[in-house]
Protein chains: 2
Amino acid sequence: MLEGVLLDLDGTLVVSWEPIPGAIDAVARLRAAGVPFRIVTNTTTHSRRSLAATLREAGFDVREEELFTATVATAAYLRSHHTGKRCLLLAEGDALEDLEGIEAADEECGVVVIGDAEDKLSYANMNRAFRMLLGGAELVAMHRGLYWMTADGLQLDIGAFVKGLEEAAGVKAVVCGKPSPEFFLGAVGSLGVPAARVAMAGDDVATDVLAAQEVGMTGVLVRTGKFRPQDVERAGSVPIRVVDSVADVPALVLGEGK
Amino acid sequence: MLEGVLLDLDGTLVVSWEPIPGAIDAVARLRAAGVPFRIVTNTTTHSRRSLAATLREAGFDVREEELFTATVATAAYLRSHHTGKRCLLLAEGDALEDLEGIEAADEECGVVVIGDAEDKLSYANMNRAFRMLLGGAELVAMHRGLYWMTADGLQLDIGAFVKGLEEAAGVKAVVCGKPSPEFFLGAVGSLGVPAARVAMAGDDVATDVLAAQEVGMTGVLVRTGKFRPQDVERAGSVPIRVVDSVADVPALVLGEGK
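Once a new chain begins, its residue numbering starts again from 1 and follows that chain's sequence as written. For this description, chains carry letters from A and ligands carry numbers from 1, given in the order in which they are written. With the structure being a predicted model, the display of local features is reserved for residues of pLDDT at least 70 and the display and counting of side-chain atom pairs for 80 or more, all residues being used for whole-chain, interface and lining totals. Hydrogen atoms and water are omitted, and side-chain values are computed over all heavy atoms in the structure.

Participant: Is there a simple way to explain the overall build of chain A in this structure?
Facilitator: Every helix listed is a DSSP run of H or I at least four residues long, and every strand listed is a run of E at least two residues long, numbered separately from the N terminus. A tally of helices and strands in chain A yields nine helices and 15 strands. We compute the radius of gyration over the C-alpha atoms and compare it with the globule rule, which gives 2.2 Å times the number of residues raised to the power 0.38. For 258 residues, the compact-globule estimate of 2.2 N^0.38 gives 18 Å, and chain A sits close to it at 18 Å. Taking the principal axes of the C-alpha coordinates as reference, chain A spans close to 60 × 35 × 35 Å. Within the span of chain A, comprising 258 residues, buried residues form 56% of the whole. Two residues qualify as a contact provided that any one of their heavy atoms is within 4.5 Å of a heavy atom in the partner residue. By sequence separation, contacts in chain A at least 24 residues apart represent 67% of the contacts at least 6 residues apart. As presented, chain A carries roughly 10,300 Å² of accessible surface, and 50% of it is formed by carbon and sulfur atoms. Throughout, exposure labels follow a simple rule: accessible area from a 1.4 Å probe, protein chains only, divided by the maximum for the residue type, with under 20% read as buried, over 50% as exposed, and the rest as partly exposed. All accessibility values rest on the Shrake-Rupley procedure with a 1.4 Å probe; residue burial counts only the protein chains present in the view.

Participant: Just to check I follow, could you spell out helix 2 (residues 48–57) of chain A for this structure?
Facilitator: Residues spaced three or four apart along an α-helix face the same direction, because each turn holds 3.6 residues. Among all positions in helix 2 of chain A, only Ser50, Leu51, Ala52 and Leu55 of chain A are buried. For helix 2 of chain A, the secondary structure elements touched by its buried residues are strand 2 (14–15), strand 4 (37–41) and strand 5 (67–69) of chain A.

Participant: How should the layout of surface pockets be read in this particular structure?
Facilitator: Residues and elements named next belong to chain A. Of the volumes computed, that of the largest pocket is approximately 550 Å³. Along the walls of the largest pocket sit 25 residues, with Arg144, Leu146, Asp204, Ala206 and Thr207 positioned nearest its centre. The element contributing the most residues to the lining of the largest pocket is helix 7 (residues 205–214), with four residues. Considering only residue class, the lining of the largest pocket consists of eleven nonpolar, three polar and eleven charged. Grid points spaced at 1 Å and placed over the protein atoms alone form the basis of the search, with a cavity being a set where a 1.4 Å probe fits but cannot get out and a pocket an open set showing protein on both sides within 12 Å along at least five of seven lines. Lining residues have an atom within 4 Å of a point. Grid points are joined across faces, edges and corners, and a volume is the space filled by probe spheres set on the points. In this classification, Asp, Glu, Lys and Arg are treated as charged, Ala, Val, Leu, Ile, Met, Phe, Trp, Tyr, Cys and Pro as nonpolar, and every other residue, Gly included, as polar.

Participant: What's the story with the relation of the copies chain B and chain A in this structure? I'm lost.
Facilitator: Put simply, the two copies of the chain differ by a rotation about an axis and a shift along that axis. Copy-to-copy alignment: least squares on C-alpha atoms, limited to residues at pLDDT 70 or above in both. When chain B is fitted to chain A, the residual RMSD is 0.0 Å, and the transformation amounts to a turn of 180° plus an axial shift of 0.0 Å. Read as a symmetry element, the transformation amounts to a two-fold axis.

Participant: I would appreciate a short explanation of the environment of valine 253 of chain B in the present structure.
Facilitator: Residues and elements named next belong to chain B. In this structure, valine 253 sits in helix 9 (residues 249–253). Considering only alpha carbons, one finds valine 253 and arginine 197, 56 residues apart in sequence, at a separation of 9.5 Å. Excluding its chain neighbours within four sequence positions, the residues that come into contact with valine 253 are Leu2, Val5 and Val35.

Participant: Would you take a moment to explain the sheet that holds strand 5 of chain A for this structure?
Facilitator: Whether parallel or antiparallel, the strands of a sheet pair through hydrogen bonds between backbone atoms. All names here are of chain A. A pair of strands counts as paired when DSSP detects no fewer than two bridges linking them. If you walk across this open sheet you meet the six strands as 5-4-1-13-14-15, and the pairing is parallel. Strands at the two margins of the open sheet, each flanked by one partner only, are strand 5 and strand 15 (241–243). Pairs of neighbouring strands in the sheet enclose a mean axial angle of 25°, with direction left out of account. Packing of helix 7 onto the sheet brings it into contact with strand 13 (198–202) and strand 14 (218–222), and relative to strand 14 it is tilted by some 160°. Between the N-to-C directions of two axes lies an angle of 0 to 180 degrees, each axis being a line fitted to C-alpha atoms and, for a helix, fitted only over the stretch in contact.

Structural data, given as structure tokens:
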């Protein structure tokens, strides 16, 4: 039934860049069995190239072209919808390398782009973004995750800031990464397998699992990373499968142990 | 019909501490006519004492006991509901003088309190607040205004940050200032006039006007400060009265010019 897999990165394959037990072997088993897979991530602190290098160093057998990132999706969106416009870019890290050709500025911008950022999410920048939105700029969120898991606990993510700006300016953000259907469908399309035969495994019940189910995939929730039982209760809908970790995904896809 | 008045401060009596034309005279006329009034404000950057002094210096005939502030209401709430608990206090300015006896700390707090703050609304502090909320702390917002008017345009207010924390932590903030019914009713109670005979004049259609109408007052929207016609369209309900500015309020209350 399942012929392809999308895997979330943070909280599913790694936590604070440390591989989750069994994750390296899970990827290797998928590769050995000839099951096509992609890593779909909302992590925007790293460029696609540096993500691939970091994962290979950690022991994962992955190639750059197997990575679908929210930053690359954002760059594509900006190039097609906002050609020549300047962006207020609230994002940090070397992912900016994937935004080549996008002109960033601090004033008179037609687009406000929010990616993973900590110090850049200051009150002064939030106020600057708010005023541009009132002036008609579009709000583009690389993703809208609310929190993620780190080695020292859950950490607040940019979705909280996106939500606050939406509320204050009376606008709705365009989301380029997960849970955008276009993002999932782009990754699925590259597998050459219909969505109905693709599993999406992740630790965020809403962004990874239910959103994938919306476009016809089999959602697989892993009990690692940010997973908390109460989030499943609050979600309003249920994941098709729940497994202990990504280590269980190859057997699930290959139909073993049923 | 109307025997008492509540007046908003920022955007209604002043903008960036400059009196709005006719505002000083409006307050003087209410006083001369023997109409009891209170100034009800969500401004939490100043203590009640310094607000009264600032307003008197600007020419307003007001007394400290005529000021109802969100900070004083927050202090009362914390004293009655969180006795002895430490607070993560994200607020700036001398209003902290009104929070005497409240113990502020940066970790292991049972309450997260958000007031007017700019630099304190850093990512690091927002993340600290988020983690405390996950640990069971209560979120207390001095108010939840989304923006206010300054001499150089609309400015993002703390409501955006409150909303983001609510969304990420899955909690609901307790609001101590406007639009809390208790806050309005406390101010009305001090007038000795039933709510049905009190007008509430302000520039925020939701927080000042519609919230006051919810507790039975006559809401009066002024077209100064942050007033924008589209906010009235978005509000879903309508103000009982709309006037050009607070200068029109005495005539309205005294039944003149009808």
